[in-house]
Amino acid sequence: MEVKIEQSWKDALQSEFDKPYFASLVRFLHSEKSAGKIIYPPGGSIFRAFELTPVDKVKVVILGQDPYPGKGQAMGLSFSVPEGIPAPPSLKNIFKEIEDDLGIRMSGCPDLRRWAEQGVLLLNSSLTVEAGQPNSHSRIGWTEFTDAVIKYLSDNCSGIVFLLWGNNARNKKWLIDTSKHHVLEAAHPSPLARGAFFGCRHFSKTNEILVREGKTPIDWQL
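The rules behind the values
- Residues numbered from 1 in each chain as written.
- Predicted model: local features only at pLDDT ≥ 70, side-chain atom pairs only at ≥ 80, totals over all residues.
- Heavy atoms only, no water.
- Pairing = 2+ DSSP bridges.
- Helix = DSSP H or I, 4+ residues; strand = E, 2+ residues; numbered from the N terminus.
- Axes fitted to C-alpha atoms, helices over the stretch in contact; angles between N-to-C directions.
- Contact = heavy atoms within 4.5 Å.
- Parallel < 35°, antiparallel > 145°, perpendicular 65-115°, else oblique.
- Left-handed = near helix turned anticlockwise from the far one by under 90°.
- Nonpolar A, V, L, I, M, F, W, Y, C, P; charged D, E, K, R; others polar.
- Expected span 1.5 Å × (residues − 1).
- Buried < 20%, exposed > 50% of the residue type's maximum accessible area, 1.4 Å probe, protein only.

Colleague: Please explain the sheet that holds strand β3 (residues 120-124) as it appears in this structure.
Modeller: For sheets, the rule is that strands pair by backbone hydrogen bonds, running either parallel or antiparallel. Judged by pairing direction, the sheet is parallel, and its four strands sit side by side in the order β3-β2-β5-β6 without closing on themselves. For this open sheet the edge positions go to β3 and β6 (182-186), each flanked by a neighbour on one side alone. On average, each strand axis in the sheet is inclined to that of its neighbour by 20°, with strand direction left out of account. Here strand β5 (residues 161-165) runs beside β6; their pairing, made up of five bridges, is parallel. Pairing of L164 across the sheet is with E185, part of β6. The strands touched by helix α6 (residues 142-156) are β2 (60-64), β3 and β5; relative to β3, the strand with the most contacts, the crossing angle is about 150°.

Colleague: Help me out: how do you make sense of the packing of helix α1 (residues 7-17) against α6 in this one?
Modeller: Two quantities define a packed helix pair, namely the angle between the helix axes and the distance between the axes. The geometry of α1 relative to α6 is characterised by a closest axis approach of 10 Å and an angle of 135° between their N-to-C directions. By the angle between their axes, α1 is oblique relative to α6. Here the hand of the crossing between α1 and α6 comes out right-handed. On α6, the residues that touch W9, A12, L13, E16 and F17 of α1 are E144, F145, A148, V149, Y152 and L153. In the contact of α1 with α6, the residues fall into nine nonpolar, no polar and two charged.

Colleague: How should I be thinking about helix α4 (residues 89-102) in this particular structure?
Modeller: An α-helix turns once every 3.6 residues. As a result, residues three or four positions apart point the same way. Taking 1.5 Å as the rise per residue, α4 with 14 residues should run 20 Å; its terminal C-alpha atoms sit 20 Å apart, in good agreement. When we look at burial in α4, the residues that qualify are S90, L91, N93, I94, F95, E97, I98 and D101. Just downstream of α4 lies G103, where phi reads positive at about 65°.

Below, the structure is given as C-alpha cells:
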C-alpha cells in the first residue's frame, strides 16, 4: 500500500502500513467519503506532523487526542489551527501558560508549524475525525498506528521530552522507555480541567532538559 508520508517516517513505519488494520483503516476512510461524510483534516494534511518533523529531528512530542472537528480547524498538527481561525480554548490556555512560564508575550497566532519545524512532533492519537463528531475515529485503527509511532521513537531515539496532558495522553506512558527519555505530565489544557494545567511550567522545563541533553531549546514564542 502506497502511503504519502515523509521518507524517514515511511521507512520507520512501513511494517505498520503493511498490517491488515491499516488497510482496514484506509478502506473505512474511503467508504465514509464515498458516503458523503466530511472528514478532517483534508487528505493532504493527515500526515502533516510527520512531514514537518522527520524522525531524526524529533526533540519533543506533544500528544493530543484527535483533530478539531470544526470546519477549517484541523491541519494535521495537535492543538494547532491555521492562521485566521480563532484559537480554540485549549490552545489559548497553552499560550497563557507559556506567557506565565517564560515571561514572554504570545501574538495569538494559532498556527504551530514553527514549533514542528524546530523538532516538536505535534501528534494526535487519531489522525482523522468526522466533521462535528469529536473522537469519532478513535476506534478505526489510528490508535494502534500512533502507539507504534511512540514506541518507535522510544526504542530508536534518546532524550526526547514527551509532554502528556490529560488522561488520554498519560495512558501512553507505558509505551515510553523512561530510562532513555523524559516524561512530563499535567492536566489537559482544556477549560474543563478548571485551570489544573496552569503552573505546570512544561515549556521552561522542556528547554532545561533539552539543554542538559546538549540540544537546542525550543523557541516557543509565536
